[in-house]
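Each chain is listed here by its residues.
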There are 2 protein chains.
Amino acid sequence: MRRYSVEISLREGVEDPEAITVAKNLRTLGFRVSSVATRKVYEFEFEEGEEEARKKVEDIARKILTNPVIHRYEIRELDP
Amino acid sequence: MRRYSVEISLREGVEDPEAITVAKNLRTLGFRVSSVATRKVYEFEFEEGEEEARKKVEDIARKILTNPVIHRYEIRELDP
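Computed from a predicted structure; not experimentally measured.

Trainee: Lay out the interface of chain A and chain B in plain terms, naming residues and giving numbers.
Mentor: Interfaces are often sized by the accessible area lost when the parts come together. The partner chain B presents 29 residues to the 29 residues of chain A that form the contact. Note on chain A versus chain B: buried area summed over both sides is about 2,800 Å², and carbon and sulfur give 53% of it. Connecting chain A to chain B are eight salt bridges. Here B:Arg39 makes a salt bridge to A:Glu43, at a shortest N to O gap of 2.7 Å. At the boundary of chain A and chain B, one finds 20 residue pairs in polar contact (both at pLDDT 80 or more). For the side of chain A that touches chain B, the elements supplying multiple residues, two or more each, are α1 (17-28), β2 (35-46) and α2 (50-65) of chain A.

In structure tokens form, the structure reads like this:
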């Protein structure tokens, strides 16, 4: 079994509405924060061998989970 | 400036509707995956010193961002 994580964040300069909302609500609740950013992480398990599994997670990250105009992503292999 | 991340995941046994949907759609698109899980990461910057900033991020994680019944969270200090 091969495990990978795909961590997706917004590119520099792309507005993060969720982060803006969290920052605003935190300030309302009395928590002063200088900045907030959000990232999403997907974790996948594959039965294939390393090469095939790696190709598949790259395809999934590039073709399905992200929009290259606004997203950056990082793939990490996780312990089995 | 102090930077921290709060990584939030669902507790064992708690259903992850988003992960279920992603897995189903991936299979429809021809990507066979054994399992999918999702995590959310919030990144915060604080002006306070270490002690105060650490206390604040713990309060934010515990009191605001998570529900102890369904969530686990992990706080990490990030490079400035």
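Back to the text.
Trainee: How would you explain helix α1 (residues 17-28) of chain B if you had to name every residue and give the values?
Mentor: Helix length check: α1(B), at twelve residues, gives a terminal C-alpha distance of 17 Å against a target of 16 Å (1.5 Å per residue), a fit within 8%. On the buried face of α1(B), the contacting elements are β2 and α2 of chain A together with β2 (35-46) of chain B. Of the residues trailing α1(B), B:Gly30 is marked for its positive phi of about 95°.

Trainee: Give a description of the sheet that holds strand β3 (residues 71-78) of chain B that names residues and reports values.
Mentor: What the six strands build is an open sheet, ordered β3(A)-β1(A)-β2(A)-β2(B)-β1(B)-β3(B); its pairing is antiparallel. The outermost strands of the open sheet, each flanked by one partner alone, are β3 (71-78) of chain A together with β3 of chain B. Neighbour-to-neighbour, the strand axes of this sheet turn through a mean angle of 20°, independent of strand direction. Sheet topology note: the strand β1 (residues 2-10) of chain B/β3(B) ladder contains eight bridges and is antiparallel. Note that in β3(B) the partner of B:Val6 across the bridge is B:Ile75. On the sheet, α2(A) packs against β1 (2-10), β2 and β3 of chain A and is oriented at approximately 25° with respect to β1(A). Its contacts with the sheet put helix α2 (residues 50-65) of chain B on β1, β2 and β3 of chain B, and the angle it makes with β1(B) is roughly 25°.

Trainee: Explain the relation of the copies chain A and chain B to me, and be specific about the residues and the numbers.
Mentor: Both copies of the chain are tied together by a single rotation about an axis and a shift running along it. The operation relating chain A to chain B is a screw motion whose rotation component is 180°, with 0.0 Å of axial translation and a residual RMSD of 0.0 Å. Given the turn and translation reported, the copies of this chain are related as if by a two-fold rotation axis. Using C-alpha coordinates, one finds that chain A approaches the rotation axis most closely at A:Lys40, a distance of 2.5 Å. Interface overlap between copies is the fraction of interface residues in one copy that are interface residues in the other; for chain A against chain B it reaches 100%, indicating a shared surface.

Trainee: Quick rundown of the side chain of A:Lys40? Include the residues and the values.
Mentor: Here A:Lys40 shows up in strand β2. Within the local environment of A:Lys40, its side chain forms a polar contact with the side chain of B:Glu18, the two groups lying 2.7 Å apart.

Trainee: Give me the environment of B:Tyr73: which residues, what numbers.
Mentor: Residue and element names in this part refer to chain B. Its location among the elements puts Tyr73 in strand β3. For Tyr73, a relative accessible area of 33% puts it in the partly exposed group. Separated by 20 residues in the primary sequence, Tyr73 and Ala53 have C-alpha atoms spaced 17 Å apart.

Each value, and the rule that gives it
Residues numbered from 1 in each chain as written. Chains lettered and ligands numbered in written order. Predicted model: local features only at pLDDT ≥ 70, side-chain atom pairs only at ≥ 80, totals over all residues. Heavy atoms only, no water. Contact = heavy atoms within 4.5 Å. Buried area = accessible area lost by both parts, 1.4 Å probe. Salt bridge = Lys/Arg side-chain N within 4 Å of Asp/Glu carboxyl O. Polar contact = N/O pair within 3.5 Å; in protein donor to acceptor, adjacent residues only side chain to side chain. Helix = DSSP H or I, 4+ residues; strand = E, 2+ residues; numbered from the N terminus. Expected span 1.5 Å × (residues − 1). Pairing = 2+ DSSP bridges. Axes fitted to C-alpha atoms, helices over the stretch in contact; angles between N-to-C directions. Least-squares fit on C-alpha atoms with pLDDT ≥ 70 in both. Buried < 20%, exposed > 50% of the residue type's maximum accessible area, 1.4 Å probe, protein only.

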